Amino acid sequence: DGAASLSQSGNIIGTLSGFTAGAGLSLFDAASLTVSGAVTPGTGGIVLKTIGAGHNLTINGPIGSAAHGMTLTSAGTISEGSSGVINTVLLTGSSAGLVTLNGANNIANLAAFSSGNGLLLNDAQSLTVSGAVTTGAGALVLSTTGAGHNMTVNAAIGSTAHSVKLTSAGYITPSGSGIINAL
């Protein structure tokens, strides 16, 4: 099966649930979007984008694949409900508002992510920050859970105007290019 490309700007889809793509999924939505059931990309990655001020992206089901990348972009906020779980080798994206991803996520790498009003991310495995992470008018909170799950910071993160909180069940290791900017 092929990739599912629904990247036209006029799509109005309220809920995405129980969707499997053969070779990746790209979905642009001109309304708020809720993922409420399992969404798997097959042999490709996932791109979800809401268009239009205040259109939020909510993850209330398992989404992604540990072998493929994911980009989440929202013209509003990005949030995750108690059943939401992100599985990806690489998470990138942006949000005009707050990003709250507090589920038992499995994200290997976080890169090139910006938020207009803060980012809270929980990861149930080791996490490498491999690209710049900025948080606009809010704090940055990154955590790993589970014995031995480490955090490595290989890029600039945070803002000198807001707090940064890093919590790990294992070690936190900054590299030479891992710059932590905090208030």
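This text follows the structure it describes.
Thresholds applied
- Residues numbered from 1 in each chain as written.
- Predicted model: local features only at pLDDT ≥ 70, side-chain atom pairs only at ≥ 80, totals over all residues.
- Heavy atoms only, no water.
- Helix = DSSP H or I, 4+ residues; strand = E, 2+ residues; numbered from the N terminus.
- Contact = heavy atoms within 4.5 Å.
- Areas by Shrake-Rupley, 256 points an atom, 1.4 Å probe, with all protein chains shown as cover.
- Core = buried A, V, L, I, M, F, W, Y, C linked by side-chain atoms within 4.5 Å.
- Buried < 20%, exposed > 50% of the residue type's maximum accessible area, 1.4 Å probe, protein only.
- Pairing = 2+ DSSP bridges.
- Phe/Tyr/Trp six-rings, centres within 6.5 Å; stacked < 30°, edge-to-face > 60°.
- Lys NZ or Arg CZ within 6 Å of the ring centre and 35° of its normal.
- Polar contact = N/O pair within 3.5 Å; in protein donor to acceptor, adjacent residues only side chain to side chain.

A. Expanded view of the overall build of the protein. Along the backbone of the protein there are 0 helices and 21 strands. Within the protein, counting contacts between residues at least 6 apart in sequence, those at least 24 apart form 19% of the total. For the protein, the accessible area works out to roughly 7,200 Å², and carbon and sulfur atoms hold 56% of it.

B. Main features of the nonpolar core. Ranked by internal contacts, the top residues of the largest apolar core, which has 33 residues, are Leu25, Leu48, Ile63 and Leu91. With 5 residues, the single largest contributor to this core is strand S12 (residues 99–115). Residues contacting Leu25, with those up to four places away along its chain left out, are Ala4, Leu16, Phe19, Val39, Gly45, Ile46, Val47 and Leu48.

C. Summary view of the pairing of strand S9 (residues 62–74). Bridging between strand S7 (residues 46–50) and S9 involves 4 bridges; their strand directions are parallel. When the sheet's bridge partners are listed, Leu48 is paired in S9 with Leu72. Where S9 lies against strand S11 (residues 85–95), 10 bridges are found, and the strand directions are parallel. Paired with Gly64 across the strands is Asn87, a residue of S11.

D. Local environment of the environment of Ala124. Turning to its location among the elements, Ala124 is positioned in the loop between strand S13 (119–123) and strand S14 (127–129). Sequence separation of Ala124 and His149 is 25 residues, and the distance between their C-alpha atoms is 7.5 Å. Among residues more than four places away in sequence, those in contact with Ala124 are Ala104, Asn105, Asn106, Thr145 and His149.

E. Highlighting the packing of aromatic side chains. This structure, assessed with the given rule, holds 0 aromatic pairs. Here the guanidinium or amino end of Lys49 rests over the ring plane of Phe28, the centre of that ring lying 5.1 Å away.

F. Looking closely at unusual backbone geometry. Its identity is not glycine, yet Ala112 carries a phi of approximately 45 degrees, on the positive side. Mapped onto the elements of the fold, Ala112 is located in strand S12.

G. Just the environment of Lys165, in detail. The residue Lys165 is located in strand S19 (residues 164–167) in this model. With 72 residues separating them in the primary sequence, Lys165 and Gly93 have C-alpha atoms 20 Å apart. In contact with Lys165, not counting residues within four places along its chain, are Leu140, Val141 and Leu142.

H. Representation of the side chain of Ser168 in the model. Tracing the backbone shows Ser168 in the loop between S19 and strand S20 (172–174). Judged by relative accessible area, Ser168 falls into the buried class, the value being 19%. For Ser168, the side chain forms a polar contact with the main-chain oxygen of His149, separated by 2.9 Å. Here the side chain of Ser168 touches Gly170 through a polar contact of 3.0 Å, landing on its backbone nitrogen. When residues no more than four places from it in sequence are discounted, the contact partners of Ser168 are Thr144, His149, Asn150 and Met151.

I. The arrangement of the side chain of Asn105 in detail. Mapped onto the elements, Asn105 comes out in strand S12. Reaching out from Asn105, the side chain makes a polar contact with the side chain of Glu80 at a distance of 3.0 Å. Among the polar contacts made by the side chain of Asn105, one reaches the main-chain carbonyl oxygen of Leu101 at a distance of 3.3 Å. Non-local contacts of Asn105, meaning those with residues more than four positions away in its chain, are made with Glu80, Gly84, Val85, Ile86, Asn122, Asp123, Ala124 and Gln125.

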